[in-house]
Amino acid sequence: MKVPSLKSIILVDDDEISNLFNKIFIGKLNLDVKVDIFLNGQEALEYLDCLAGAENTSSIEQPCLLLLDIKMPKMDGWKFMTLYLEKIDAALRENIVVVMLTTSEDEGDMIKAMQNPHIQEFMQKPLSEKKFRHLIKKFFTKKELK
(Lines give C-alpha, C1' and ligand atoms only; values in the text may rest on other atoms or scores of the structure.)
Protein backbone atom coordinates (compact mmCIF):
# COMPACT_ATOMS: atom_id res chain seq x y z
CA MET A 1 0.00 0.00 0.00
CA LYS A 2 1.32 3.38 -0.97
CA VAL A 3 -0.59 6.31 0.48
CA PRO A 4 1.57 9.41 0.26
CA SER A 5 -0.97 12.08 1.18
CA LEU A 6 -4.46 12.36 2.58
CA LYS A 7 -6.95 13.95 0.17
CA SER A 8 -10.29 12.31 0.91
CA ILE A 9 -11.89 10.52 3.87
CA ILE A 10 -14.97 8.31 3.85
CA LEU A 11 -16.95 7.99 7.10
CA VAL A 12 -19.31 5.00 7.15
CA ASP A 13 -21.43 5.06 10.29
CA ASP A 14 -25.17 5.02 10.92
CA ASP A 15 -24.72 7.27 13.96
CA GLU A 16 -25.12 10.80 12.62
CA ILE A 17 -23.78 12.32 15.87
CA SER A 18 -20.56 10.29 15.54
CA ASN A 19 -20.23 11.49 11.95
CA LEU A 20 -20.70 15.10 13.04
CA PHE A 21 -18.08 14.80 15.79
CA ASN A 22 -15.66 13.01 13.46
CA LYS A 23 -16.03 15.78 10.89
CA ILE A 24 -15.37 18.35 13.65
CA PHE A 25 -12.22 16.49 14.78
CA ILE A 26 -10.98 16.33 11.19
CA GLY A 27 -11.66 20.07 10.85
CA LYS A 28 -9.62 20.82 13.98
CA LEU A 29 -6.59 19.22 12.35
CA ASN A 30 -6.64 21.86 9.59
CA LEU A 31 -6.44 19.24 6.86
CA ASP A 32 -7.26 20.16 3.30
CA VAL A 33 -9.37 17.06 2.86
CA LYS A 34 -12.74 16.12 1.39
CA VAL A 35 -15.04 14.17 3.75
CA ASP A 36 -17.87 11.98 2.45
CA ILE A 37 -20.36 10.49 4.92
CA PHE A 38 -22.46 7.37 4.39
CA LEU A 39 -24.96 5.94 6.86
CA ASN A 40 -24.44 2.29 5.90
CA GLY A 41 -22.08 0.02 4.05
CA GLN A 42 -24.33 -0.30 1.02
CA GLU A 43 -24.24 3.46 0.31
CA ALA A 44 -20.44 3.54 0.69
CA LEU A 45 -19.99 0.52 -1.56
CA GLU A 46 -22.17 2.08 -4.27
CA TYR A 47 -20.10 5.28 -4.08
CA LEU A 48 -16.80 3.40 -4.36
CA ASP A 49 -18.19 1.32 -7.22
CA CYS A 50 -19.08 4.54 -9.07
CA LEU A 51 -15.56 5.89 -8.48
CA ALA A 52 -14.01 2.70 -9.79
CA GLY A 53 -16.21 2.87 -12.89
CA ALA A 54 -15.66 6.58 -13.59
CA GLU A 55 -13.98 7.22 -16.93
CA ASN A 56 -12.30 10.50 -15.96
CA THR A 57 -10.84 9.98 -12.49
CA SER A 58 -8.31 12.80 -12.72
CA SER A 59 -10.81 15.34 -11.33
CA ILE A 60 -12.08 13.00 -8.58
CA GLU A 61 -10.41 12.94 -5.18
CA GLN A 62 -9.66 9.29 -4.59
CA PRO A 63 -10.47 8.24 -1.02
CA CYS A 64 -7.41 7.52 1.10
CA LEU A 65 -8.97 6.75 4.49
CA LEU A 66 -12.14 4.77 5.12
CA LEU A 67 -13.51 4.75 8.67
CA LEU A 68 -15.96 1.86 8.90
CA ASP A 69 -18.38 1.12 11.73
CA ILE A 70 -19.13 -2.56 12.36
CA LYS A 71 -22.79 -2.45 13.37
CA MET A 72 -25.04 -0.67 10.85
CA PRO A 73 -28.41 -1.28 9.20
CA LYS A 74 -28.74 -2.54 5.60
CA MET A 75 -25.10 -3.61 5.43
CA ASP A 76 -22.77 -3.90 8.39
CA GLY A 77 -19.02 -3.44 8.30
CA TRP A 78 -18.25 -7.15 7.89
CA LYS A 79 -20.57 -7.57 4.90
CA PHE A 80 -19.17 -4.34 3.46
CA MET A 81 -15.63 -5.74 3.68
CA THR A 82 -16.66 -8.96 1.91
CA LEU A 83 -18.30 -7.06 -0.97
CA TYR A 84 -15.57 -4.40 -1.00
CA LEU A 85 -13.02 -7.09 -1.78
CA GLU A 86 -15.28 -8.74 -4.37
CA LYS A 87 -16.55 -5.66 -6.20
CA ILE A 88 -14.06 -2.82 -5.83
CA ASP A 89 -11.07 -2.82 -8.14
CA ALA A 90 -7.77 -3.64 -6.45
CA ALA A 91 -6.15 -0.52 -7.93
CA LEU A 92 -8.60 1.67 -6.00
CA ARG A 93 -8.43 -0.46 -2.82
CA GLU A 94 -4.62 -0.43 -2.65
CA ASN A 95 -4.63 3.30 -1.86
CA ILE A 96 -7.31 3.18 0.85
CA VAL A 97 -6.49 2.68 4.52
CA VAL A 98 -9.43 0.88 6.16
CA VAL A 99 -10.02 1.51 9.86
CA MET A 100 -12.71 -0.58 11.56
CA LEU A 101 -14.61 1.22 14.32
CA THR A 102 -16.81 -0.15 17.07
CA THR A 103 -18.37 0.45 20.43
CA SER A 104 -18.53 -3.32 20.88
CA GLU A 105 -16.62 -4.92 23.72
CA ASP A 106 -16.69 -8.22 21.80
CA GLU A 107 -13.11 -9.45 21.60
CA GLY A 108 -14.14 -11.55 18.59
CA ASP A 109 -14.64 -8.38 16.56
CA MET A 110 -11.13 -7.22 17.33
CA ILE A 111 -9.61 -10.60 16.50
CA LYS A 112 -11.58 -10.82 13.23
CA ALA A 113 -10.45 -7.31 12.23
CA MET A 114 -6.81 -7.95 13.13
CA GLN A 115 -6.81 -11.16 11.08
CA ASN A 116 -8.13 -9.36 8.00
CA PRO A 117 -5.14 -8.08 5.98
CA HIS A 118 -7.37 -5.43 4.36
CA ILE A 119 -8.16 -3.75 7.68
CA GLN A 120 -5.17 -1.69 8.75
CA GLU A 121 -6.44 -0.55 12.15
CA PHE A 122 -9.15 -1.41 14.69
CA MET A 123 -10.33 1.36 17.04
CA GLN A 124 -12.89 1.81 19.77
CA LYS A 125 -15.40 4.59 19.33
CA PRO A 126 -15.72 7.40 20.04
CA LEU A 127 -12.89 8.77 17.97
CA SER A 128 -11.06 11.87 19.09
CA GLU A 129 -8.68 14.44 17.71
CA LYS A 130 -5.84 12.43 19.30
CA LYS A 131 -6.94 9.21 17.56
CA PHE A 132 -7.16 11.00 14.20
CA ARG A 133 -3.66 12.39 14.71
CA HIS A 134 -2.43 8.85 15.42
CA LEU A 135 -4.00 7.54 12.19
CA ILE A 136 -2.58 10.33 10.08
CA LYS A 137 0.92 10.00 11.53
CA LYS A 138 0.84 6.23 11.13
CA PHE A 139 -0.46 5.99 7.55
CA PHE A 140 0.11 9.32 5.79
CA THR A 141 2.89 11.79 5.13
CA LYS A 142 3.91 14.01 8.02
CA LYS A 143 3.11 17.19 6.08
CA GLU A 144 -0.60 16.45 6.57
CA LEU A 145 -0.60 17.79 10.13
CA LYS A 146 0.04 21.47 10.59
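Analysis parameters
Residues numbered from 1 in each chain as written. Predicted model: local features only at pLDDT ≥ 70, side-chain atom pairs only at ≥ 80, totals over all residues. Heavy atoms only, no water. Pairing = 2+ DSSP bridges. Helix = DSSP H or I, 4+ residues; strand = E, 2+ residues; numbered from the N terminus. Axes fitted to C-alpha atoms, helices over the stretch in contact; angles between N-to-C directions. Contact = heavy atoms within 4.5 Å. Core = buried A, V, L, I, M, F, W, Y, C linked by side-chain atoms within 4.5 Å. Buried < 20%, exposed > 50% of the residue type's maximum accessible area, 1.4 Å probe, protein only. Patch = residues over 30% accessible without salt bridge, like charges linked within 9 Å, V, L, I, M, F, W, Y side chains within 5 Å. Areas by Shrake-Rupley, 256 points an atom, 1.4 Å probe, with all protein chains shown as cover. Salt bridge = Lys/Arg side-chain N within 4 Å of Asp/Glu carboxyl O. Parallel < 35°, antiparallel > 145°, perpendicular 65-115°, else oblique. Left-handed = near helix turned anticlockwise from the far one by under 90°. Nonpolar A, V, L, I, M, F, W, Y, C, P; charged D, E, K, R; others polar. Phe/Tyr/Trp six-rings, centres within 6.5 Å; stacked < 30°, edge-to-face > 60°. Lys NZ or Arg CZ within 6 Å of the ring centre and 35° of its normal.

## Focus on the sheet that holds strand E1 (residues 8–12)
The sheet built from 5 strands is open, its strands ordered E2-E1-E3-E4-E5 with parallel pairing. Each edge of the open sheet carries a strand with a single partner, namely strand E2 (34–38) and strand E5 (121–124). Neighbour to neighbour, the strand axes of the sheet diverge by 20 degrees on average, direction disregarded. As judged from the 5 bridges shared by strand E3 (residues 65–69) and strand E4 (residues 97–102), these two strands associate in the parallel manner. Within the sheet, the bridge partner assigned to Leu68 lies in E4 and is Met100. Against the sheet, helix H2 (residues 41–53) contacts E1, E2 and E3, and its axis sits at roughly 135 degrees relative to E2. Against the sheet, helix H5 (residues 107–115) touches E4 and E5, its axis set at about 155 degrees to E5.

## Description of the nonpolar core
Among the nonpolar cores identified, the biggest contains 26 residues, and Leu48, Leu66, Leu68, Phe80, Met81, Tyr84 and Met100 are the most heavily contacted of them. Put simply, the parts of the chain that give this core at least two residues each are E1, H2, E3, helix H3 (77–87) and E4. Formed by 22 residues, the second largest nonpolar core is a distinct cluster that contains Leu6, Cys64, Met123 and Ile136.

## Quick notes on a nonpolar patch on the surface
A cluster of nonpolar residues, Ile17, Leu20, Phe21 and Ile24, forms a patch on the protein surface that exposes about 380 Å² of accessible area. As for its position among the elements, Phe21 is in helix H1 (residues 16–28). Using a relative accessible area of 44% as the deciding quantity, one classes Phe21 as partly exposed.

## Some words on the packing of H2 against H3
Running from N to C, H2 and H3 point in directions that differ by 15 degrees, and their axes come no closer than 10 Å. Taken as axis vectors, H2 and H3 run roughly parallel relative to one another. Handedness of the crossing formed by H2 with H3: right-handed. Between H2 and H3, the residues in contact are Gly41, Ala44, Leu45, Leu48 and Asp49 and Phe80, Leu83, Tyr84 and Lys87, respectively. By residue class, the composition of the contact of H2 with H3 is 6 nonpolar, 1 polar and 2 charged.

## Side note on the environment of Glu16
As for its position among the elements, Glu16 is in helix H1. Distance in space between the C-alpha atoms of Glu16 and Ile37 is 9.1 Å, their sequence separation being 21 residues.

## Examining the packing of aromatic side chains
Within the structure shown, the criterion is met by 3 aromatic pairs. Ring plane angle 25 degrees and centroid distance 6.5 Å describe the contact between Phe21 and Phe25, whose orientation is recorded as stacked. Residue Phe21 and its partner Phe25 are located together in helix H1, separated by 4 residues, close to a single helical turn. Ring centres 5.1 Å apart and planes at 40 degrees place the aromatic pair Phe38 and Tyr47 in the tilted group. Both residues of the pair, Phe38 and Tyr47, belong to the buried class. Seen from the ring of Trp78, Lys112 lies directly overhead, with NZ or CZ sitting 4.4 Å from the centre.

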